[in-house]
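Structural overview for review
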Amino acid sequence: MTTHVDLALDLPPRVENAGVGVHGSAGPHEVFRLPRLWQLHLYGYSGTLGLGGTRHPIRPGHVSLVPPDTEVHFHYDSARCEHLYAHFRLPGEGERRRVPVMQDADAEAGVLGGLLRQTVAAGAQSKARAAAELWTVLWRTTGLTAAETRPGSRHPALRTAVAYIEEHLAGPLTVPAVARAAGVSHTHLTRLFREDTGRTVVAYIRRRRMDRARHLLVASTLAIPAVAATVGVPDLQAFNKACRKELGASPRAVREQHGQPRG
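Calculation notes
- Residues numbered from 1 in each chain as written.
- Predicted model: local features only at pLDDT ≥ 70, side-chain atom pairs only at ≥ 80, totals over all residues.
- Heavy atoms only, no water.
- Helix = DSSP H or I, 4+ residues; strand = E, 2+ residues; numbered from the N terminus.
- Buried < 20%, exposed > 50% of the residue type's maximum accessible area, 1.4 Å probe, protein only.
- Core = buried A, V, L, I, M, F, W, Y, C linked by side-chain atoms within 4.5 Å.
- UniProt positions renumbered as here; feature names shortened; annotations may be inferred.
- Contact = heavy atoms within 4.5 Å.
- Polar contact = N/O pair within 3.5 Å; in protein donor to acceptor, adjacent residues only side chain to side chain.
- Axes fitted to C-alpha atoms, helices over the stretch in contact; angles between N-to-C directions.
- Parallel < 35°, antiparallel > 145°, perpendicular 65-115°, else oblique.
- Nonpolar A, V, L, I, M, F, W, Y, C, P; charged D, E, K, R; others polar.
- Pairing = 2+ DSSP bridges.
- Salt bridge = Lys/Arg side-chain N within 4 Å of Asp/Glu carboxyl O.

Of note, the phi angle at Asp69 is positive, near 60°, even though the residue is not glycine. Summarising the element assignment, Asp69 is placed in the loop between β7 (62-66) and β8 (72-76). On the accessibility criterion, Asp69 (47% relative accessible area) is partly exposed.

Below is the structure:
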């Protein structure tokens, strides 16, 4: 039974064709395969997709991913069925993401549809732009609601909290504010962070700030007071203390260890 596929997304896809597919007029059932290409569909109709001995209901807003050389059986519920599609190659060989063959894009359907239309529009003008648009679509499919039940996936509230923290590292961050953004209690959020990261929320925020500070100290010539402000710790004494605790050295020492001039 085929219920999931593995995507290697370390490199952008090579888009061979993308467009709007119209089916059903030739009959309620079609069978075909693409010997060398992946296929992605974003559906605007109802029906059934069958592959590998498994039948997947199709509903408007659902998105499917089918690997190369896979025979697919489409059953249509009406005489005119439209979907956005992309046929592509995946040249990457890195870490693979496990994704359901069929997912309900739900609130993301509009965003995915817009990106796929951009893929279609770019196809005749810029292969690189088309690849970039589709690459974004593929990455977004790895985070759809249906994927949350996969083993090892983070709790959705934790993902929301982490995203909120990353967006607000430069400003004041409190645990109650993060909990509100994630839609859970302070206690529940603390438990989620301890289970997933082994840290408290405060410790996680401090670590992420210092990770960003390390990057700016090593990769840029931004003055140290500016680095401190950029990562949300404008008090230089507190910034120096946090650097020593998380990075094992003062900001100047971290910078000098990597050959950067003092700032």
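Next, the rest of the story.
Ranked by internal contacts, the top residues of the largest apolar core, which has 38 residues, are Leu49 and Phe88. Top element by residues in this core is helix α1 (residues 109-123). It accounts for five residues. Formed by 18 residues, the second largest nonpolar core is a distinct cluster that contains Ala161, Val162, Ala182 and Leu192.

Turning our eyes to something else, we now look at the UniProt feature "domain: HTH araC/xylS-type" (unreviewed entry) in the chain. As annotated in UniProt, the feature "domain: HTH araC/xylS-type" (unreviewed entry) corresponds to residues 159-257 in the numbering used here. Helix makes up 75% of residues 159-257 and strand makes up 0%, while its end C-alpha atoms are separated by 34 Å.

Glancing now at the side chain of His56. With respect to the secondary-structure elements, His56 resides in strand β6 (residues 54-58). Once you skip the residues sitting within four places of it in the chain, His56 turns out to touch Thr2, Thr3, Gly47, Thr48, Leu49, Leu51, Val101 and Met102.

A word on the environment of Thr142. Locating Thr142 in the fold gives a position in the loop between α2 (127-141) and α3 (156-167). Overall, the relative accessible area of 14% leaves Thr142 in the buried class. For the pair formed by Thr142 and Arg97, sequence separation is 45 residues and the distance between their alpha carbons is 7.0 Å. Among the polar contacts listed, one links the side chain of Thr142 to the backbone oxygen of Trp139, at a separation of 2.5 Å.

Quick look at the packing of α3 against helix α5 (residues 186-197) now. Look at α3 against α5: their axes get within 10 Å of each other, and the N-to-C directions meet at 90°. As far as their axial angle goes, α5 and α3 are roughly perpendicular. Side by side, α3 and α5 meet where Ala157, Leu158, Ala161, Val162 and Ile165 of the first sit next to Leu189, Leu192, Phe193 and Asp196 of the second. Counted by class, the contact of α3 with α5 contains eight nonpolar, no polar and one charged residues.

Right, let's talk about the UniProt feature "transmembrane region" (unreviewed entry) in the chain for a bit. Residues given the UniProt feature "transmembrane region" (unreviewed entry) here are residues 216-234. Within residues 216-234, the helical portion is 58% and the strand portion 0%, while the C-alpha atoms at the span's ends are 15 Å from each other.

The strand order across the open sheet formed by five strands is β2-β9-β4-β7-β11, and the pairing between neighbours is antiparallel. Both edges of this open sheet fall to β2 (14-23) and β11 (102-104), since each of them pairs with a single strand only. Looking at each pair of strands side by side, their axes are set apart by 20° on average, direction ignored. The pairing of β7 with β11 spans three bridges and is classified as antiparallel. Paired with Val63 across the strands is Gln103, a residue of β11. Against the sheet, α1 touches β2, β4 (38-43) and β9 (81-89), its axis set at about 125° to β4. Packed onto the sheet, α2 meets β2, β4, β7, β9 and β11 and runs at close to 70° relative to β2.

Below, the discussion takes up the pattern of salt bridges. Under the counting rule described, the total for this entry stands at 13 salt bridges. Asp6 serves as the salt-bridge partner of Arg98, at 3.1 Å between the closest nitrogen and oxygen. With Arg98 in strand β10 (residues 96-100) and Asp6 in strand β1 (residues 4-8), the pair connects residues that are 92 residues apart, well separated along the chain. Among the residues examined, Arg98 registers a relative accessible area of 43% and is labelled partly exposed. Between Arg89 and Glu16 there is a salt bridge whose closest N-O contact spans 3.1 Å.

Strand order in the open sheet formed by four strands is β3-β8-β5-β6, with antiparallel pairing between adjacent strands. Each of the sheet's edge strands pairs with one partner strand only, and the pair in question is β3 (29-32) and β6. Within the sheet, the average angular offset between the axes of one strand and its neighbour, ignoring direction, is 20°. Alignment of β3 against β8, held across four bridges, turns out to be antiparallel. By the bridge assignment for β8, Glu30 is matched with Phe74.

Counting buried positions along β9 gives seven out of nine residues, so the element sits mostly inside the fold. Across nine bridges, β2 lies against β9 in antiparallel orientation. Counted as the bridge partner of Val15 is Phe88 from β9. Judged from the six bridges that link them, β4 and β9 form a sheet pairing that is antiparallel. Bridging from a neighbouring strand, Gln39 pairs with His87 of β9.

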